[in-house]
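Structural characterization, general
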Amino acid sequence: MPPEEVVITGIGIVSPIGIGREAFWAALCQGRSGVGPIRSFDTAGLPVRIAAEIHDFDPKQLVPNRKQLKVMCRDAQLGVAAATLACREAGIEAGRVDPDRFGVVLGGDRICSSLADSEPTYKACSVDGRFVFARWGAEGMAASFPLNFLKMLPNMTASHVSIIHDARGPNNTIHQAEASSLLAVAEAMTVIRRGAADVMLAGGASSQLNPFDCIRHCVMGDLSHRQEDPAGAMRPFDADRDGQVWGEGAAVFVLESRRHAEARRASILARVLAAASACDRRRNGASVEGEGLRRAMSAALGQAKFAADRLGHVNAHGLSTREGDLVEARAIHDVAPAVPVTAPKSYFGNLGAAGGAMEMAVSVLAFGAALVPATLNYEHPDPICPVQVIHGGPLVSAETSALLVNRTSFGQAAAVVLAGPN
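Residues numbered from 1 in each chain as written. Predicted model: local features only at pLDDT ≥ 70, side-chain atom pairs only at ≥ 80, totals over all residues. Heavy atoms only, no water.

Turning to the overall build of the chain, a few remarks are in order. A tally of regular secondary structure across the chain gives 13 helices and 20 strands. By the compact-globule yardstick of 22 Å for 422 residues, the chain fits well, its C-alpha radius of gyration being 21 Å. Its C-alpha atoms give the chain principal-axis dimensions of about 65 × 55 × 45 Å. For the chain, contacts bridging at least 24 residues in sequence account for 77% of all contacts bridging at least 6. With the model as given, the accessible surface of the chain reaches about 17200 Å², and the carbon-plus-sulfur share is 54%. For the chain, the distance from the average position of its 40 positive side-chain charges to the average position of its 43 negative side-chain charges is 4 Å. (Helix = DSSP H or I, 4+ residues; strand = E, 2+ residues; numbered from the N terminus. Rg over C-alpha atoms; globule rule 2.2 N^0.38 Å. Contact = heavy atoms within 4.5 Å. Areas by Shrake-Rupley, 256 points an atom, 1.4 Å probe, with all protein chains shown as cover. Lys, Arg positive; Asp, Glu negative; His and termini not counted. Charge placed at Lys NZ, Arg CZ, Asp CG, Glu CD.)

Right, dumping it as structure tokens:
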């Protein structure tokens, strides 16, 4: 018996360029960047002061039980909101899905405590303006809000989503940096195919923009220093790229078996054909960069029985770093040399564990519109990045298939093959 065909019937988006699919797609079509000066805290003294923030998000509008907000970090609020939007679009309501066959798998990042939550503990451990570590076990812990720890567990987003939507089936959180949400989609697809669930919520949520995160990113480097031109900072594969910009967001999909979707007469937006993952091998202690990405892409296409030259587009990781884009461009060229490439991070930056899902939303919406959004800020092609970057305007295309790729700085790679609804 062939495996269940897995389809997408709903999308929930909370992003720096719009909340909901309509606002998100409009921004993509208008070529509007979500990168700007950081407003959520004072950036004085930091070398980088730009990011892709969400400014118009009110969690009270999209989190059904407002009492839960006090134990939700920003990541969880974004993830719950995206899941709510996805379920609304798909028509997933209480009583319409068997709760024991309704699951959740989301990508999640490491979560820092907020300044407000950290302040009481810091003050309790401070003596004459200096932090005294010896006070942490007694005075510090006593000053901490008892449920703070629950707010910072990466798996809490999936937990909140499952509780709110009464999803009692398979539940998991993937913690693999930028590869997380594509791997979450891959796991959800596998769960449905093996018959363990009818419906899965899959995607990712992340907010890497509190002050602790921003300081860490500044120390680790690879950030764009285009402080006076935030909208022009993310420029994947461009010869003048100088680093990435971090952001925040969440994207969640309703995945279900075609049989289940058709039985309830749901609108099908796309099909998930295959997914694969791999990792760069190491030679003499050094990573052979890009090899894992090549193998992941080739494996996903092989599983889908889909020739690379039939693809409508490649949805690239496109981090906008000097070395990262070079490695990725060469890998894409080796696997799908003539296929048009779009790099959605140019609109909303690096969203960490949410990035792959947000980028996947671009491809799914592109199928319905017969338009593939252009890559922003691609003005000077880099001759050492041999990819066919869509730029200057969207690509009009009736080809409803795409290869999506993400990779981490440690060499893990994920690839997913999508196709249109038919």
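On to the packing of aromatic side chains. Tallying each qualifying case throughout the model produces three aromatic pairs. Pairing F131 with F133 gives two aromatic rings, centres 4.9 Å apart and planes at 75°, and the pair type is edge-to-face. You can call F131 partly exposed: its relative accessible area is 30%. Put simply, the rings of Y122, F131 and F133 touch in pairs and so form one group of aromatic residues. (Phe/Tyr/Trp six-rings, centres within 6.5 Å; stacked < 30°, edge-to-face > 60°. Buried < 20%, exposed > 50% of the residue type's maximum accessible area, 1.4 Å probe, protein only.)

With that out of the way, let us pick up the side chain of H313. The residue H313 is located in strand β14 (residues 313-315) in this model. Residues within four places of H313 in sequence aside, it is in contact with V339, P340, T342, S363, F367, V372, S401, A402 and L403.

This paragraph deals with the pairing of strand β9 (residues 199-207). Residues in a regular strand project their side chains so that they alternate between the two faces of the sheet. Among the nine residues that make up β9, nine are buried, leaving the element largely enclosed by the rest of the structure. The pairing of strand β5 (residues 102-108) with β9 spans seven bridges and is parallel. Residue pairing in the sheet places F102 in a bridge with V199 of β9. In this structure, β9 lies alongside strand β10 (residues 248-257), joined through nine bridges in antiparallel fashion. Pairing of V199 across the sheet is with E256, part of β10. (Pairing = 2+ DSSP bridges.)

Another aspect to go through is the pattern of salt bridges. Inspection of the entire model under this criterion finds 24 salt bridges. The shortest N-O distance in the salt bridge between R271 and E5 comes to 3.5 Å. Linking R271 in strand β11 (residues 270-279) with E5 in the segment before β1 (6-15), this pair joins segments that are 266 residues apart in sequence. Classification of R271 as buried rests on a relative accessible area of 16%. The exposure class of E5 is partly exposed, given its relative accessible area of 30%. We note a salt bridge from R101 to D198, for which the minimum N-O separation is 2.9 Å. (Salt bridge = Lys/Arg side-chain N within 4 Å of Asp/Glu carboxyl O.)

In a regular helix each residue adds 1.5 Å, so 14 residues correspond to 20 Å; helix α10 (residues 291-304) covers 20 Å between its end C-alpha atoms and thus fits that length. All buried positions along α10 are accounted for by E291, G292, L293, A296, M297, A300, L301 and A304. Residues of α10 that are buried sit in contact with β11, α11 (322-335), β19 (401-407) and β20 (412-419). Of the residues flanking the end of α10, it is K305, one or two places downstream, whose phi is positive at about 55°. (Expected span 1.5 Å × (residues − 1).)

Attention shifts here to the pairing of β5. With seven of its seven residues buried, β5 lies for the most part within the structure. As defined by bridge partners, β5 adjoins strand β8 (residues 171-174) across four bridges and the pair is classed as parallel. By the bridge assignment, V105 is partnered in β8 with N172.

Position of S15 relative to the elements: it lies in strand β1. Residue classification places S15 among the buried positions, given a relative accessible area of 1%. Within the local environment of S15, its side chain forms a polar contact with the backbone nitrogen of I17, the two atoms lying 3.1 Å apart. Among the polar contacts made by the side chain of S15, one reaches the main-chain carbonyl oxygen of G18 at a distance of 2.8 Å. Other than its neighbours up to four places away in sequence, S15 contacts F24, I54 and M358. (Polar contact = N/O pair within 3.5 Å; in protein donor to acceptor, adjacent residues only side chain to side chain.)

On to the packing of helix α3 (residues 115-124) against helix α4 (residues 136-143). It is at 8 Å that the axes of α3 and α4 come closest, and there the two elements cross at 145°. Note that α3 runs across α4; the crossing there is right-handed. In this structure, α3 contributes P120, T121 and A124 to the contact, and α4 contributes W136, E139, G140 and A143. (Axes fitted to C-alpha atoms, helices over the stretch in contact; angles between N-to-C directions. Left-handed = near helix turned anticlockwise from the far one by under 90°.)

This part is about the packing of helix α2 (residues 74-90) against helix α6 (residues 156-164). Across the interface, α2 lies against α6 with an axial gap of 9 Å and an inter-helix angle of 40°. For the element pair α2 / α6, the angle class is oblique. Relative to α6, the crossing made by α2 is right-handed. Contact with α2, carried on its side by D75, A76, G79, V80 and A83, involves T157, H160, V161 and I164 of α6 and no other residues of that element. (Parallel < 35°, antiparallel > 145°, perpendicular 65-115°, else oblique.)

With that out of the way, let us pick up helix α8 (residues 211-220). Those residues of α8 that fall on the buried side of the exposure criterion are P211, D213, C214 and H217. All buried residues of α8 lie within an arc of 160° about the axis, which places them on one face of the element. Exposed and oriented more than 90 degrees from the buried face of α8 are V219 and M220. Packing partners of the buried residues in α8 comprise α3 and β9. Taking the backbone nitrogen of F212 as reference, a side-chain oxygen 2.8 Å away marks N210 as the first, capping residue of α8. A positive backbone phi angle near 85° is found at G221, which sits one or two residues after α8. (Arc of directions from axis to C-beta.)

The next thing to look at is the environment of C125. Residue position: C125 is located in the loop between α3 and β6 (126-127). Along the chain, C125 and M141 lie 16 residues apart, while their C-alpha atoms are 9.3 Å from each other. Look past the residues within four positions of C125 in its chain and what remains in contact with it is R130, F131, V132, R135, W136 and G140.

Honestly, that's just the spatial picture; any functional story needs more than this.
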